[in-house]
Structure formats: C-alpha cells, structure tokens
Amino acid sequence: VPMVQALEILSNGQKNPKAHMRAVSMDLATATAITDRNLFLSDPELRPHMTLTDCSQLSDGASALILANEAGLAKLGIPESRATEITGVGYKVAGLGLPNDPLRLANAARAAAEAYHAAGIGPGDVGVAELHDCFSISEIQLYEAVGFAAEGRGTGLLKEGVTEIDGRIPVNTGGGLMSFGHPVGATGVKQVLEVHRQLMGKCGAYQVPGAPAVGLSANIGGDDRTAVVVVQRRAA
C-alpha cells in the first residue's frame, strides 16, 4: 500500500511544472521490484519493506513567504483577497534520546491538536493538505497523526481514494517531497505556500476542484522529534 501512495504522488508531480520528478514515470511492478538496485538497507528483516522508491530525494530549491497583518497588507498595497490567513499553528519538540514508538508520530499528533484548537476547527474541516512524505510510510502515519484516519487505519484512505486530488481530503497535490523534491530547509515553507496556492485556485493542472477554503500542512524532522502543523484559510 505505501507504494500505491508513492505512485499517486508521482502522478501528481507529473502535473506540476516545478516538480523534481515531473518527467519520471513508473509502474507498480517496477516500484515494488525486489532487486539489488532497489534495496539498500542492511537489516535483513527490514530490507524488503523499505526500498529506494519509498524515499524522497534531496533537491535544490528555495521558497519564501511574506507574513503580514492587516495593516501590513495595506502598507504593501496587497488586498486581503490575494492572501490566505494562518489561523492556527502547532509546534512541538521532543528529545532525540526519548523513547519513540516507530508506529506512531506522537509529536506530530500533539502539534496537530494544538493547531486545530487555535484555529477552532477539526480534521473534518480540512479541504487540502501537505504532509511530510520523506518516506512513503511517513505520509500514511501523518494521516493518523493529524486525525484524517484512526490509528492503524491510514492505509484505508489510499484504498478508498480519499487522498487523491478529487478525493475528500486531497494530500500532496503537487507531488509532495517524494515527487516535487525535498530541499530540506525550504520544504516546510514550500508546504505552506502550496496550501496557499491551492486555496487561491492557482495550481493549474493539479488544482483541487472548487478551490478548498481550509488547508493544513504538517512538517516533521528528526524522526518526529520536531513537528510543525499550520492551518490556513482564505482571508476574504
């Protein structure tokens, strides 16, 4: 199932002219092939379950945001209709040496709860999301951490098509880290920018139908030791 997610994201990236992997195509048989070329882990138990095609690539890139309040927008001469509003932010950290359940992104879940509370919404209000898919399994774990699926049920969203561009909760519509690319320091800002562009209806071939009103981005680092979740909505 994780490779189904990876191929879905690759397909999204092919519609994005800025994606690192926009010219790459791959079928399920190639992606899941157990070959020396695709296997890289030395642990014999884990080796067949994490292949190179499950991993994002480090990319070159840059991203930027302009943050302003109403007075700042007026000073810049930018109407609120061109902006999206950050209505909630959750930021949580945990020590690298602390016990960590590899099946759960508990720190990201704490950050998501904080962001939802600040925004006064819940997971069911989100119309588009950018989730940190450094590995194929990470996106599925984040489905559960941000409340899109119950614990252990994240793969069901893929099987039911819920996270496709025309699904109930479109995720990583521009290709995510695995297809768009992962320029590390720029990734978190790029996620917020991608949500902004979706909310404003500016994503062209990969635009979510109807331009959603509320979006969410979740960025993690250090194996879920740092997590930032941002909720946005159209300002006007």
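Thresholds, definitions, all that
- Residues numbered from 1 in each chain as written.
- Predicted model: local features only at pLDDT ≥ 70, side-chain atom pairs only at ≥ 80, totals over all residues.
- Heavy atoms only, no water.
- pLDDT = per-residue confidence, 0-100.
- Helix = DSSP H or I, 4+ residues; strand = E, 2+ residues; numbered from the N terminus.
- Core = buried A, V, L, I, M, F, W, Y, C linked by side-chain atoms within 4.5 Å.
- Buried < 20%, exposed > 50% of the residue type's maximum accessible area, 1.4 Å probe, protein only.
- Pairing = 2+ DSSP bridges.
- Expected span 1.5 Å × (residues − 1).
- Salt bridge = Lys/Arg side-chain N within 4 Å of Asp/Glu carboxyl O.
- Axes fitted to C-alpha atoms, helices over the stretch in contact; angles between N-to-C directions.
- Contact = heavy atoms within 4.5 Å.

Caption draft 1: Structural view of the confidence of the model for the protein chain. Residue-level pLDDT values for the protein chain average 90, and 96% of them are 70 or greater. The secondary structure element of the protein chain with the lowest average pLDDT is helix H1 (residues 2-13), at 69, and the one with the highest is strand S2 (residues 128-131), at 98.

Caption draft 2: Representation of the nonpolar core in the model. Residues Leu131, Leu142, Tyr143, Phe148 and Leu216 are the most contacted members of the largest nonpolar core, which totals 29 residues. Elements that contribute at least two residues to this core include exactly helix H4 (106-119), S2, helix H5 (136-145), helix H6 (154-159), strand S3 (214-221) and strand S4 (226-234). Residue contributions to this core peak at six residues, all from H4.

Caption draft 3: Spatial organisation of the pairing of S2. Residues Val128 and Glu130 point to one face of S2 and Ala129 and Leu131 to the other, with burial holding for every one of them. When S2 meets S3, the two strands line up parallel, connected through four bridges. If you follow glutamate 130 over to S3, its bridge partner there is serine 217.

Caption draft 4: Summary view of helix H8 (residues 187-199). With 13 residues, H8 extends 18 Å from end C-alpha to end C-alpha; this agrees with the ideal 18 Å at 1.5 Å per step. For H8, every residue scored as buried is listed here: Thr187, Lys190, Gln191, Val192, Glu194, Val195, His196, Gln198 and Leu199. Residue glycine 201 follows H8 closely and has a positive phi angle near 70°.

Caption draft 5: Molecular detail of the environment of glycine 222. Looking at where glycine 222 falls in the secondary structure, it is placed in the loop between S3 and S4. Glycine 222 gets classed as partly exposed once you look at its relative accessible area, which sits at 47%.

Caption draft 6: Seen up close, H5. Among the 10 residues in H5, eight count as buried, and that is most of the element. Along H5, the residues that are buried comprise Ser136, Ser138, Glu139, Ile140, Gln141, Leu142, Tyr143 and Ala145. With its phi angle positive at about 90°, glycine 147 sits one or two positions after the end of H5.

Caption draft 7: How the structure looks around unusual backbone geometry. Look at asparagine 172: it is not a glycine, yet its phi comes out positive at around 50°. Note that asparagine 172 resides in the loop between H6 and helix H7 (176-180). By relative accessible area, which is 0% here, asparagine 172 ends up buried. Phi angles above zero are rare outside glycine, and aspartate 224 is one such case at about 70°.

Caption draft 8: Representation of the pattern of salt bridges in the model. Here the structure, examined in full by the defined rule, presents seven salt bridges. Among the salt bridges present, the one from lysine 92 reaches glutamate 114, with a minimum N-O distance of 3.3 Å. Taken together, the residues lysine 92 in strand S1 (residues 84-93) and glutamate 114 in helix H4 connect sequence positions 22 residues apart. For arginine 225, the salt bridge goes to aspartate 224, with nearest N and O atoms at 3.9 Å. Comparing arginine 225 with aspartate 224 shows no difference in burial state: the two are buried. What you see here is one network of salt bridges that share partners, running through Asp101, Arg104 and Glu151.

Caption draft 9: Region of the structure containing the sheet that holds S2. Taken in spatial order, the four strands make up an open sheet running S1-S4-S3-S2, and their pairing is mixed. Each of the sheet's edge strands pairs with one partner strand only, and the pair in question is S1 and S2. Strand-to-strand twist in this sheet, taken as the mean axis angle between neighbours without regard to direction, amounts to 10°. Here S1 pairs with S4 via nine bridges, running antiparallel. Residue pairing for S4: glutamate 85 is matched across the bridge by arginine 233. The strands touched by H4 within the sheet are S1, S3 and S4, with S1 carrying the most contacts at an inclination of about 145°. Its contacts with the sheet place H8 against S1, S2, S3 and S4, and it is angled at close to 170° to S3.

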